[in-house]
Amino acid sequence: MVEKTSPVLRTHEAFYDAIERGDLDLMTSLWLPGDDTVCVHPGSEPIRGTSSIMRSFAMLMASVGYIQFILTDVTVTHRGGIAIVSCTENVLSEADGEEPTVFAGGRGAATDVLVETPTGWKLWSHHSGPVMEG
């Protein structure tokens, strides 16, 4: 088990901080550059390549007014220079078509694959999908 202050978990938490703050520079710094990176947003097709992934996050950040992630069930598997982090994303966001004071909630299951580089741990893959209630 990896302790809560591990570099792997700091990178994982920074990923969600970047989304919440709409910080594309931070998001970009967290990803492994290249064409073999992959990101699957809930309900969408895989996006391949870091530049395409950053475009998808720019669009997401521009379209979401408020979003907060409360991560639970966080587990880390670590072998050599590769780590896998899985968690439940408990999401609170503005409700579509409602006043800014009305919120919607949902849950997702996420898996991140991170690679150790000379400059720290970088995301190689992020996959998030909805968790159906009931």
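Please refer to the structure higher up on the page.
Rules of the game
- Residues numbered from 1 in each chain as written.
- Predicted model: local features only at pLDDT ≥ 70, side-chain atom pairs only at ≥ 80, totals over all residues.
- Heavy atoms only, no water.
- 1 Å grid on protein atoms, 1.4 Å probe; cavity = no way out; pocket = protein on both sides within 12 Å on 5 of 7 lines; lining within 4 Å.
- Points joined across faces, edges and corners; volume = space filled by probe spheres on them.
- Helix = DSSP H or I, 4+ residues; strand = E, 2+ residues; numbered from the N terminus.
- Nonpolar A, V, L, I, M, F, W, Y, C, P; charged D, E, K, R; others polar.
- Buried < 20%, exposed > 50% of the residue type's maximum accessible area, 1.4 Å probe, protein only.
- Lys, Arg positive; Asp, Glu negative; His and termini not counted.
- Salt bridge = Lys/Arg side-chain N within 4 Å of Asp/Glu carboxyl O.
- Polar contact = N/O pair within 3.5 Å; in protein donor to acceptor, adjacent residues only side chain to side chain.
- Contact = heavy atoms within 4.5 Å.
- Expected span 1.5 Å × (residues − 1).
- Arc of directions from axis to C-beta.

**Student:** Give a detailed account of the layout of surface pockets, specifying residues and quantitative values.
**Tutor:** Taken as a whole, the largest pocket holds about 510 Å³ of empty space. Along its surface, the largest pocket is lined by 27 residues, and Pro42, Leu60, Ile67, Phe69 and Val91 are the ones closest to its centre. Among the elements of the structure, α1 (7-21), α3 (50-63), β3 (67-79), β4 (82-94), β5 (103-117) and β6 (120-130) are those that each provide at least two residues to the lining of the largest pocket. The biggest single contributor to the lining of the largest pocket is β5, with five residues. Its residues assigned to classes, the lining of the largest pocket comprises 13 nonpolar, ten polar and four charged.

**Student:** Explain the side chain of Asp112 to me, and be specific about the residues and the numbers.
**Tutor:** Within the secondary structure, Asp112 is located in strand β5. Lacking a salt bridge, the buried Asp112 has Arg48 as its closest oppositely charged neighbour, with an N-O distance of 14 Å. One polar contact links Asp112 to His12, side chain to side chain, over a distance of 3.2 Å. When neighbours within four sequence positions are excluded, Asp112 is seen to be in contact with His12, Tyr16, Ala83, Ile84, Val85, Leu123, Ser125, His126 and His127.

**Student:** So, α3: which residues are in play, and what are the values?
**Tutor:** Compared with an ideal rise of 1.5 Å per residue, which puts 14 residues at 20 Å, α3 spans 20 Å between its outermost C-alpha atoms and is within 8% of the ideal. Looking only at α3, the buried set comprises Thr50, Ile53, Met54, Ser56, Phe57 and Met61. Buried residues of α3 fall within an arc of 160 degrees about the axis and therefore sit on the same side. Residues of α3 that are exposed and angled more than 90 degrees away from the buried face: Met59, Ala62 and Ser63. Those residues of α3 that are buried lie in contact with α1, α2 (24-30), β1 (38-40) and β2 (47-48).

**Student:** Give me the side chain of Thr117: which residues, what numbers.
**Tutor:** The residue Thr117 is located in strand β5 in this model. We classify Thr117 as buried; its relative accessible area is 18%. Filtering out sequence-adjacent residues up to four positions away, Thr117 remains in contact with Leu32 and Lys122.

**Student:** Explain α1 to me, and be specific about the residues and the numbers.
**Tutor:** Given a rise of 1.5 Å per residue, 15 residues ought to cover 21 Å, and the 20 Å separating the end C-alpha atoms of α1 matches this to within 8%. Those residues of α1 lying buried are Val8, Leu9, Thr11, His12, Ala14, Phe15, Tyr16, Ala18 and Ile19. Just beyond α1, the residue with positive phi is Gly22, at close to 65 degrees.

Geometric descriptors of this kind do not, in isolation, establish any biological role.
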